[in-house]
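Breakdown of the fold
Listed below are the residues making up each chain.
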Amino acid sequence: MSRLNARQREAVHYISGPLLVLAGAGSGKTSVITSKITYLVEQCGIKAKHIAAVTFTNKAAREMRERVSKLLPAHDAKGLIVATFHNLGLTILREEHKILGYKAGFSIFDSEDAKALIRDIMIRDFGDEGEEVNQVQAAISNLKNDMCEPDRAISVACNDHELMIAQVYKTYNQYLKAYNAVDFDDLILLIVALFRQHPEVLEKWQNRVRYLLVDEYQDTNIAQYELVKMLVETRSAFTVVGDDDQSIYAWRGARPENLVKLNEDFPSLKVIKLEQNYRSTSRILKVANAVIANNPHVFEKALWSELGMGDEIRIIQTRNEDAESERIAVEILDHKLKKNTHFRDYAVLYRGNHQSRLLEMKLQAHQVPYRISGGTSFFAKNEIKDAMGYLRLLINPEDDAAFLRVVNVPRREIGPSTLEKLGEYATERDISLYRAVDELGLEQRLPEKAIQKLRQFRQWLERTAEDCQRKEAISVLKQMFTDIEYEDWLYQNSNTPKQAERRMDNVWYLVDSIQRMLERDKGLADEMTLESAISRLLLMDMLEQQQEEDDTDKVHLLTLHASKGLEFPHCFIMGLEEEILPHRNSIEENNIEEERRLMYVGITRAKKTLTMTYAAQRKQYGEKIETIPSRFLDEMPEEDLVWFGKGEKDPDANKAKGRETLASLRNLMDGL
DNA sequence: GTAAGCCGTATTTTT
DNA sequence: TACGGCTTAC
């Protein structure tokens, strides 16, 4: 507590009503949340099991849990909920699924499952493959986040396209229900619906969660806000922490205006601003403040720090995009040698993922080790999707998406035409594929051999599911992957034996994770079932940890969006050009403010030095264009910037400069 | 089942 | 331009 500043302490101690903490970048908001949890337990006599802290990402939740565990002895923290919105939704749904009409083993469709289902519906009902499935999926997700029910969506649709989306939405929901499945959005939406329809259930959860803390509040969507509001309705005992200037996810449903709404919905709301920044130099903050001052604000806020002015902000113009990447690679090497730093102290931020490509090539050429955030997630890997398919089918045989995923992996000689006929039959009878397999009516539609294969598969699954009840689940799972000779299949379908080996390791890692989850609270009252372990797993949780262990000495490459919440001693932001940052579409949609916040987020990642680059000329969609430097550069105070490469008319001037830098580099290296 | 060729598209992404 | 997704042809 003594390590907190006055404002932070005030935020921790204020418990007499609803509280909004406007926490600027780097102002120690996580410390406030974790200290507050400790304070509530130790000083206010609130039991940990009556406190919930909600975040958006597993990473944030994990960090928070770790930090709380350092402040609170384990037995005092017992029952504390630190979870993502989705995990909290899952917890509630697991307990209340019956009221909503779901069976215990319900599946969670990830966005790929959902997409496949939406595609099927669109083809079947509209024969319209021209329509963009991704768009429809996003539209449905938006409707769900806005809490618009299918019937309402149908009635308010004001053109054919919207009507089509609404109809697909309705059918999609019906299918999910039939599959005993929910999607990510449902994890929030269904809980809100449940609370509305069953006040007694709401009351039960209000009693469970007596103090609520919400992180990154500006990122909540309508459904999430509704959930928060309902949970805190009676007690108004909550703290939300957010920063309207860091709202960069409006495009996927986040409603930063929820900050204002909070003020309206809770007139007694107290607002505390955290403006002291512990991360960056004063100059970096001055530039950040200057840029964001161009946005309208409900709550004025200005960051400051005691870390000294620091270096000037560098703006580097290069000839073209090639030189831009080259320059960044060289600057990193140069700086690292001169200042004797580590590669991991550097980050390069960009607007769009494609911008990393050239940069990667240049970094490789200079043998600069790097890591890119935002590659394929663990769950996007094919072997994991397969394995999850089996697990899902085991606990929920109605899960058609899982059935289709694994029925012929490895090969069981069950091909597309068999599945199509089976699907037709199942649709007619309104039953799942799994059930359809056992129906006698199939004999008329499918050849003997196909039916035999299908029934073999079904019987094998049934036996395995029974074994899970009788024997130790983990050994059954291990046996299952051996049974189907999955490893052999991987070897046949991977590029190299090494890759196959790695993929099999991933599968075993998945099984291990389940084992760990099952064993963690074995014998306890709320012992985890196989069902809940598997559904937890789907919301990631422990799996992404292993990916991040690759924390060796590497330069970080990431999008501005992905950089939120992180910090680096030395930051590069590339592509400061009109049409890139701010992005072209945002200019067209007149949505400069969110782009400006993105710029703000980028600037405030830097602790010591900040370098921004742009190319005078760039190839775009095949043709060369003269670029215009980003308007955001004009918004930065000139006296804090140093420009390089600007106004040099000779296009070779930069080349010369590059050579010069390289030469000095070689000298330095020779000296070592 | 695979490889070549054609077409359309071109932000940000978590759960 | 460049890539991915999809169709087509073997």
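In this text, all values refer to a predicted model and were calculated from it rather than measured experimentally. (Residues numbered from 1 in each chain as written. Chains lettered and ligands numbered in written order. Predicted model: local features only at pLDDT ≥ 70, side-chain atom pairs only at ≥ 80, totals over all residues. Heavy atoms only, no water.)

**A short note on the overall build of chain A**
Put simply, the test is: Secondary structure follows DSSP: runs of H or I at least 4 residues long count as helices, runs of E at least 2 residues long count as strands, and numbering of each begins at the N terminus. Our radius of gyration is a C-alpha quantity, and the globule rule it is checked against amounts to 2.2 Å times the number of residues to the power 0.38. Each residue is placed in one exposure class: buried if its accessible area under a 1.4 Å probe, protein chains only, is under 20% of its type's maximum, exposed if it is over 50%, and partly exposed if it falls in between. The accessible surface values rely on the Shrake-Rupley method and a 1.4 Å probe; as for residues, cover is taken only from the protein chains in view. His is not counted here, nor are the chain ends, while Lys and Arg score as positive and Asp and Glu score as negative. Charge positions come from single atoms, namely NZ of Lys, CZ of Arg, CG of Asp or CD of Glu.
Across its full length, chain A carries 30 helices and 16 strands. Taking 672 residues into account, the globule formula puts the C-alpha radius of gyration at 26 Å, and chain A, at 27 Å, falls close to it. A principal-axis box enclosing the C-alpha atoms of chain A has dimensions of 80 × 60 × 55 Å. Of all 672 residues assigned to chain A, the portion counted as buried reaches 54%. Accessible surface, chain A as shown: approximately 30,800 Å² in total, 48% of it carbon and sulfur. Once the 92 positive and 108 negative side-chain charges of chain A are each reduced to a mean point, those two points are 4 Å apart.

**As for the sheet that holds strand S7 (residues 238–242)**
Selection rule: The criterion for strand pairing is that DSSP finds at least two bridges linking the strands in question. Axis angles are defined between N-to-C directions and span 0 to 180 degrees, where every axis is a line fitted to C-alpha atoms and, for a helix, only to the segment in contact.
Spatial strand order, S3-S2-S6-S7-S1-S8: 6 strands in an open sheet with parallel pairing. The open sheet is flanked by strand S3 (81–84) and strand S8 (270–274), the only strands paired with a single partner. With direction set aside, neighbouring strand axes in the sheet form an average angle of 15°. Pairing of strand S2 (residues 51–55) with strand S6 (residues 211–214) involves 4 bridges; the strand directions are parallel. Looking at the pairing, Ile51 lines up with Tyr211 of S6.

**Describing unusual backbone geometry**
A cis geometry characterises the amide bond from Leu581 onward to Pro582, with omega recorded as 5°. Summarising the element assignment, Pro582 is placed in the loop between strand S13 (568–573) and helix H27 (584–588). With a phi close to 50°, Ser236 is a non-glycine residue in the positive phi region. The topology assignment puts Ser236 in the loop between helix H11 (222–232) and S7. For Glu579, which is not glycine, the phi torsion reads 85° and is therefore positive. If you trace the backbone, Glu579 turns up in the loop between S13 and H27.

**Considerations on the side chain of Gln8**
Our working rule: Only heavy atoms matter for contacts: two residues are in contact if any of them lie within 4.5 Å across the pair.
With respect to the secondary-structure elements, Gln8 resides in helix H1 (residues 6–13). For Gln8, a relative accessible area of 3% corresponds to the buried category. The contact partners of Gln8, leaving out residues within four places of it in the chain, are Arg3, Ser27, Gly28, Val32, Leu274 and Tyr278.

**Some points on empty space enclosed by the protein**
Applicable threshold: Computed over the protein atoms alone on a 1 Å grid, cavities are sets of points where a 1.4 Å probe fits but cannot get out and pockets are open sets with protein on both sides within 12 Å along at least five of seven lines; a residue lines them when it has an atom within 4 Å of a point. Grid points are joined across faces, edges and corners, and a volume is the space filled by probe spheres set on the points. By the convention adopted, Pro, Cys, Tyr, Trp, Phe, Met, Ile, Leu, Val and Ala count as nonpolar, Lys, Arg, Asp and Glu as charged, and the other residues, Gly among them, as polar.
Throughout the structure, instances matching the rule amount to 2 cavities of 30 Å³ or more. For the largest cavity, the full set of lining residues is Asp110, Asp113, Phe379, Lys385, Met388, Gly389, Arg392, Ala401, Ala402, Arg405 and Leu538. Within the residue set of the lining of the largest cavity, elements represented by two or more residues are helix H16 (382–395) and helix H17 (400–406). In terms of residues, the lining of the largest cavity owes the most to one element, H16, which gives 4 residues. Of the residues that constitute the lining of the largest cavity, the class distribution is 5 nonpolar, 1 polar and 5 charged. In this structure, the second largest cavity occupies an estimated 50 Å³ of space.

**Overview of the environment of His13**
Turning to its location among the elements, His13 is positioned in helix H1. Each C-alpha atom, one on His13 and one on His342, is 40 Å from the other, the two residues being 329 residues apart in sequence.

**Concerning the UniProt feature "binding site: ATP" (unreviewed entry) in chain A**
What counts is decided by this rule: UniProt positions are given in the numbering used here, feature names are shortened, and annotations may be inferred rather than shown by experiment.
Taking the numbering used here, the UniProt-annotated feature "binding site: ATP" (unreviewed entry) corresponds to Ala23, Gly24, Ala25, Gly26, Ser27, Gly28, Lys29, Thr30 and Arg279. A maximum C-alpha distance of 13.5 Å places the annotated residues, which cover 257 residues in sequence, within one compact spot. Locating Gly26 in the fold gives a position in the loop between strand S1 (19–23) and helix H2 (29–42). Residue class for Gly26 comes out buried when judged on its relative accessible area of 18%. With sequence-adjacent residues up to four places away left out, Gly26 is seen in contact with Gln276, Asn277, Tyr278 and Arg279.

**Some remarks on the protein's contact with DNA strand B**
Spelled out, the test is: Any residue with a heavy atom lying within 4 Å of a molecule or strand is counted as near it. As used in this structure description, the phrase polar contact means that two N or O atoms lie within 3.5 Å; if the pair is within protein, one of them must be able to donate a hydrogen and the other to accept it, and residues adjacent in sequence are counted only when both atoms belong to side chains.
DNA strand B sits among 22 residues. The nearest are Asn58, Arg351, Asn353, Thr559 and His583. At the protein interface, 46% of the atoms of DNA strand B within 4 Å belong to sugar or phosphate. Asn353 is positioned such that a nitrogen or oxygen atom in its backbone is 2.5 Å from a phosphate oxygen of DNA strand B. Between His583 and DNA strand B, the recorded distance is 3.1 Å, taken from a side-chain N or O atom to a sugar or linking oxygen. Residue composition of the surface near DNA strand B, by class: 6 nonpolar, 11 polar and 5 charged.

**Comments concerning the nonpolar core**
Put simply, the rule reads: In plain words, nonpolar cores are sets of buried Ala, Val, Leu, Ile, Met, Phe, Trp, Tyr and Cys residues tied together by side-chain atoms within 4.5 Å. Start and end positions for the domains come from either an automated domain assignment or a database one.
In terms of nonpolar packing, the biggest core is built from 106 residues, with Phe195, Phe403 and Ile514 touching the most fellow members. Looking at this core element by element, the count peaks at 9 residues for helix H23 (residues 497–520). Of the residues that make up this core, three or more belong to each of domain 1 (6–96 + 191–271) and domain 4 (379–545). Once you skip the residues sitting within four places of it in the chain, Phe195 turns out to touch Ile92, Val201, Leu202, Trp205, Leu227, Met230 and Leu231. Formed by 37 residues, the second largest nonpolar core is a distinct cluster that contains Leu558, Ile603, Phe632 and Leu633.

**Let's talk about the pairing of strand S15 (residues 623–626)**
Relative to S15, strand S14 (residues 606–620) runs antiparallel, the two sharing 4 bridges. Bridged to Gln617 within S15 is Glu626. Counting the residues that bridge the hairpin from S14 to S15 gives 2 residues, and of these Tyr621 lies at a positive phi of roughly 45°.

**Topic: a positive patch on the surface**
Basically, it comes down to this: Patch construction takes residues with relative accessible area above 30% that form no salt bridge. Like charges are linked within 9 Å, and nonpolar side chains (Val, Leu, Ile, Met, Phe, Trp, Tyr) are linked within 5 Å. When a carboxyl oxygen of Asp or Glu lies within 4 Å of a side-chain nitrogen of Lys or Arg, that pair is called a salt bridge.
A surface patch of like charges, here positive, comprises Lys47, Lys49, Lys78, Arg210 and Arg235. Structurally, the position occupied by Arg210 is in the loop between helix H10 (199–208) and S6. Arg210 gets classed as partly exposed once you look at its relative accessible area, which sits at 32%.

**Some details on the pattern of salt bridges**
Under the criterion given, the structure shown has 50 salt bridges. The partner of Arg255 in a salt bridge is Asp146, and the shortest N-O contact between them spans 3.0 Å. Highlighted residues: Arg255 in the loop between S7 and helix H12 (258–265) and Asp146 in the loop between helix H6 (133–145) and helix H7 (150–156), separated in sequence by 109 residues. Given the relative accessible area of 23%, Arg255 is considered partly exposed. Look at Asp146 and you get partly exposed, because its relative accessible area is 29%. The structure contains a network of salt bridges with shared partners spanning Lys29, Asp215, Glu216, Asp219 and Lys564.

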